[in-house]
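# Structural overview for review
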Amino acid sequence: MGNVVENHDVIIVGAGHAGCEAALASARLGMDTIVFTISIDSVALMPCNPNIGGTSKGHLVREVDALGGEMGKNIDKTFIQSKMLNKSKGPAVHSLRAQADKHDYTKEMRKTLENTDNLTLKQAEVSDILVEDGVIKGVKTTTGATYYAKSVVLATGVYLKAKCIHGDVCQETGPNGLAAANFLTQSLIDNGIEMRRFKTGTPARVDKRTVDFSKMQEQFGDEQIVPFSFTTDPESIQKEQVSCWLTYTNEETHEIIKDNIHRSPLFSGMIEGTGPRYCPSIEDKVVKFEDKNRHQVFIEPEGLYTNEMYLGGMSSSLPEDVQYAMYHTVPGLENAKIVRNAYAIEYDCIEYGQLLPDLEFKAVKGLFSAGQFNGSSGYEEAAAQGIVAGINAVKYAKGEETIVIDRSVGYIGVLIDDLVTKESHEPYRMMTSRAEYRLLLRQDNADLRLTPLGYEVGLIDKERYDALIKKEKAIEKEIARLEETNVGANKKVQKILEKLGSTTLKTATSLAELIRRPELDYEKIKDLDKESSELPEDVKEQVNINIKYSGYIERQKKQVENFKKIESKKIPEDLDYDKVISLRIEARQKLQKYKPINIGQASRISGVSPADISVLLIYMEQNK
């Protein structure tokens, strides 16, 4: 008997957060899709922190949802605490974060995958990609089975040649003791894909019964819970929430770490991979921020089914005895028992500069990639790339033009553009500061920005699209009404304004002008508004933000217009940069490596200066 041979439309390698979104997008678009995972039990696994969302990451989850993805819906079903972060700041940086019940999150996502038409979940390790004349043909597993497809998405997460390390203990496993994938890397290298080594880490988990919460500050969820998914009815998720807790390291903790720093594999040279700068281990923090005499430690439940508590902010790869010693100096953790040791995980991912803006490899046609395999970090960044890679794998398989979300349209656009154009020497993390147009790319308007694209692609149904159009019209109508409705400087109006702590009027003014005052908003001026009608909460929120920040929003829209002009200047695919004489050598090498598709993208490549861009524009103009 020969080996198994199967034909599919799209193959997804990996069933983490990137793989799940890619697979669901592909299957929902009608393609016969197969997803490979080393363990069926690890579908949408949360091997590190037990939360979804957070600063800027919440934006990504909302955008995935607006496109028709699953992460937002899944966390709405399985959260145990929810909080809107940065509420004291402006709406551009408001970000939703929810603590997940890890077990339920995985279970729900697996259930969704298993009950999606056109989708097959397969437990097997992929060892080879099959390529002919630079075009992907399929994959092969370690059992020798061959699977052919029109396109393939690689979403291998942290499993490629994974090693878990603490102290001098090194285990060749993936996270949570799951098997590593040891064969695929070589096949990728053989097919012209350059690889590198990154690392990430996770803190210890402790037994809740051994924690003294009386020495910590209790952290509550929001009274009014806001859902992640635009399709979730807010009323359906108002429930009792579980508390998280805050404590701090101290000088004693830091002394123990410093005294044992030579035993850390991070500093002894045992770890080769580069770690994430914005999510450093506790030993990294102590060494780099010597002036700080304490660091925050968040104690977060891993779920309702378990006593395991996650020690956020204290990830480490120090030896087990040092972990016990340092954790025991933290208030409330003096008698804590460790259920799982903290460890660093090292894994293979791709070198920068090998992907096109639609996440297809330059070296292999029809091969797409997403998630930590691309050099990013985080569940949310993975899901965001996953849905785009899934959509584009389908587009490629059908011979249609792939989609690219640009920087002015979504955080997903910023994330992918950065991964494609920037030289990242560490795991990439999304941050609000990376988005130039963040006042336009708020988490509250992700549906208005991206649902039309989700509908065009085919992941959003007509009913949801029609509801969006209705919402859009209601917002426009209400803004116009408030701009046109004036109130006079009469006694009644002055009295209401005084009561609200606002300056009285000298002449008549519009309701919109009053909303623009820092101390007032849409709700507060209700008593001055005779014609107000009861509108849905999400409409009121948009009306308030759009009026309040109208000046800034208009300014950003003008910046976007200029951005679009540069983005529309396409660079010919066959342009030979060696012929552009006045280009600096570094710029020439970088442009040759990245092969940007337009001037905007070229301008964002590190090592390419504004002067180089001017030279390039003149050359293109002369050689039209």
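Everything that follows concerns the structure shown earlier in this document.
Only a predicted model underlies this, so the values are computations on that prediction, with no experimental measurement involved. (Residues numbered from 1 in each chain as written. Predicted model: local features only at pLDDT ≥ 70, side-chain atom pairs only at ≥ 80, totals over all residues. Heavy atoms only, no water.)

## Quick notes on the overall build of the protein
- Along its length, the protein carries 20 helices and 24 strands.
- At 26 Å, the protein has a C-alpha radius of gyration in line with the 25 Å of a compact globule built from 624 residues.
- The principal-axis extent of the C-alpha atoms belonging to the protein is close to 90 × 70 × 55 Å.
- For the protein, buried positions account for 58% of its 624 residues.
- The contacts of the protein with a sequence gap of at least 6 include a subset with a gap of at least 24, amounting to 72%.
- Taken as a whole, the protein presents about 27000 Å² of accessible surface, with 49% of it coming from carbon and sulfur.
- In the protein, which carries 81 positive and 93 negative side-chain charges, the distance between the mean positions of the two groups comes to 4 Å. (Helix = DSSP H or I, 4+ residues; strand = E, 2+ residues; numbered from the N terminus. Rg over C-alpha atoms; globule rule 2.2 N^0.38 Å. Buried < 20%, exposed > 50% of the residue type's maximum accessible area, 1.4 Å probe, protein only. Contact = heavy atoms within 4.5 Å. Areas by Shrake-Rupley, 256 points an atom, 1.4 Å probe, with all protein chains shown as cover. Lys, Arg positive; Asp, Glu negative; His and termini not counted. Charge placed at Lys NZ, Arg CZ, Asp CG, Glu CD.)

## With respect to the sheet that holds strand S9 (residues 135-141)
- Spatially, S1-S10-S9-S8 is the arrangement adopted by the four strands of the open sheet, whose pairing is mixed. Either end of the sheet is taken by a strand with one partner, and the two such strands are strand S1 (5-7) and strand S8 (126-132). Between one strand axis and the next, the sheet turns through 25° on average, direction left out of account.
- Where S1 meets strand S10 (residues 146-148), three bridges bridge the pair, whose relative direction is parallel. By the bridge assignment for S10, valine 5 is matched with threonine 146. (Pairing = 2+ DSSP bridges. Axes fitted to C-alpha atoms, helices over the stretch in contact; angles between N-to-C directions.)

## Examining the nonpolar core
- Ranked by size, the top nonpolar core spans 102 residues in total, and within it Ile11, Tyr105, Val139, Leu154, Leu188, Leu367 and Ile412 carry the most contacts.
- Considering each element in turn, this core owes the most residues, 11 residues, to helix H10 (residues 379-398).
- In this structure, isoleucine 412 is in contact with Leu60, Glu63, Val64, Leu67, Ala384, Val388 and Ile405, ignoring residues within four places of it in sequence.
- Judged by nonpolar contacts, the second largest core, of 24 residues, contains Ala204, Ile257, Leu333 and Ala336. (Core = buried A, V, L, I, M, F, W, Y, C linked by side-chain atoms within 4.5 Å.)

## Here's the deal with the environment of valine 93
- Mapped onto the elements of the fold, valine 93 is located in the loop between strand S5 (79-85) and strand S6 (95-100).
- The class of valine 93 is buried, set by a relative accessible area of 18%.
- Residues valine 93 and glycine 551, 458 residues apart in the sequence, show an inter-C-alpha distance of 18 Å.
- Those residues in contact with valine 93 that lie beyond four places of it in its chain are Leu85, Asn86 and Thr432.

## Things to note about the pairing of S9
- Examined bridge by bridge, S8 and S9 share six bridges and lie antiparallel to one another. What sits directly across from aspartate 128, in S9, is lysine 140.
- By the bridge criterion, three bridges tie S9 to S10 in an arrangement that is antiparallel. Paired with glycine 138 across the bridge in S10 is tyrosine 148.

## What about the pairing of S5?
- Counted residue by residue, S5 has six buried out of seven residues, so it is predominantly covered.
- Where S5 lies against S6, six bridges are found, and the strand directions are antiparallel. What sits directly across from leucine 85, in S6, is serine 95.

## Considering empty space enclosed by the protein
- This structure, assessed with the given rule, holds four cavities of 30 Å³ or more.
- The computed volume of the largest cavity comes to approximately 80 Å³.
- Lining the largest cavity we find 14 residues, and of these Arg196, Tyr352, Gly353, Asn374 and Leu419 sit closest to its centre.
- Here the residues of the lining of the largest cavity sort into six nonpolar, four polar and four charged.
- Its boundaries defined by the atoms lining it, the second largest cavity holds a volume of some 40 Å³.
- Partitioned by chemical class, the residues of the lining of the second largest cavity number seven nonpolar, two polar and two charged. (1 Å grid on protein atoms, 1.4 Å probe; cavity = no way out; pocket = protein on both sides within 12 Å on 5 of 7 lines; lining within 4 Å. Points joined across faces, edges and corners; volume = space filled by probe spheres on them. Nonpolar A, V, L, I, M, F, W, Y, C, P; charged D, E, K, R; others polar.)

## Observations concerning the packing of helix H2 (residues 57-67) against helix H12 (residues 446-457)
- Where H2 contacts H12, the two axes come as close as 7 Å, and the packing angle between them is 35°. Both H2 and H12 take part in a crossing whose hand is right-handed. Here Arg62, Glu63, Ala66 and Leu67 of H2 come into contact with H12, specifically with Ala446, Asp447, Arg449, Leu450, Thr451, Leu453 and Gly454. (Left-handed = near helix turned anticlockwise from the far one by under 90°.)

## Focus: the sheet that holds S5
- The three strands are arranged S4-S6-S5 in an open sheet whose pairing can be described as antiparallel. The open sheet has two edge strands, strand S4 (51-53) and S5, and neither has a second partner. In this sheet, adjacent strand axes meet at a mean angle of 20° when their direction is disregarded.

## Some details on the layout of surface pockets
- Considering only enclosed or pocket space, the second largest pocket measures out at about 1400 Å³ in volume.
- Forming the boundary of the second largest pocket are 40 residues, of which Val226, Glu537, Asp538, Val539 and Glu541 lie nearest the centre.
- Listing elements by their share of the lining of the second largest pocket, those giving two or more residues are H12, helix H13 (462-484) and helix H16 (537-548).
- Here the lining of the second largest pocket takes seven residues from H16, the largest share from any one element.
- Looking at the lining of the second largest pocket residue by residue, the class counts come to 14 nonpolar, nine polar and 17 charged.

## Let's talk about the pattern of salt bridges
- One pass over the full model with this rule turns up 47 salt bridges.
- Across the salt bridge formed by glutamate 108 and lysine 77, the nearest N and O atoms sit 3.6 Å from each other. Of the two residues, glutamate 108 is situated in helix H4 (residues 102-114) and lysine 77 in helix H3 (residues 71-78); the sequence distance between them amounts to 31 residues.
- For the salt bridge of arginine 263 with aspartate 321, the shortest nitrogen-to-oxygen distance reads 3.0 Å. Taken as a pair, arginine 263 in the loop between helix H6 (251-259) and helix H7 (265-268) and aspartate 321 in helix H9 (residues 320-327) lie far apart in primary sequence, 58 residues in all.
- Taking relative accessible area as the criterion, arginine 263 reaches 32% and is therefore assigned partly exposed.
- Since its relative accessible area comes to 43%, aspartate 321 is described here as partly exposed. (Salt bridge = Lys/Arg side-chain N within 4 Å of Asp/Glu carboxyl O.)

## Regarding H3
- With respect to burial, H3 is a largely interior element, six of its eight residues being buried.
- Met71, Gly72, Asn74, Ile75, Asp76 and Thr78 are the residues of H3 that are buried.

## Quick look at the side chain of aspartate 418
- In this structure, aspartate 418 sits in helix H11 (residues 411-421).
- Engagement of the side chain of aspartate 418 in a polar contact is seen with the side chain of tyrosine 428, the distance being 2.6 Å.
- Those residues in contact with aspartate 418 that sit more than four places away from it in its chain are Arg407, Tyr428 and Arg434. (Polar contact = N/O pair within 3.5 Å; in protein donor to acceptor, adjacent residues only side chain to side chain.)

## Structural notes on H11
- Burial of H11 is extensive: 11 of the 11 residues sit out of reach of the surface.
- Among all positions of H11, only Tyr411, Ile412, Gly413, Val414, Leu415, Ile416, Asp417, Asp418, Leu419, Val420 and Thr421 are buried.

## So, the packing of aromatic side chains
- Per the stated rule, a full pass over the model turns up seven aromatic pairs.
- When the centroid spacing of 4.7 Å and the interplanar angle of 35° are considered together, the rings of phenylalanine 213 and tryptophan 245 count as tilted. Highlighted residues: phenylalanine 213 in the loop between strand S15 (205-207) and strand S16 (217-219) and tryptophan 245 in strand S17 (residues 244-248), separated in sequence by 32 residues.
- The ring of phenylalanine 230 has arginine 62 sitting right over it, with the charged end atom 5.0 Å from the ring centre.
- Across the ring face of tyrosine 248, the terminal group of arginine 294 is positioned such that the distance to the ring centre comes to 3.6 Å. (Phe/Tyr/Trp six-rings, centres within 6.5 Å; stacked < 30°, edge-to-face > 60°. Lys NZ or Arg CZ within 6 Å of the ring centre and 35° of its normal.)

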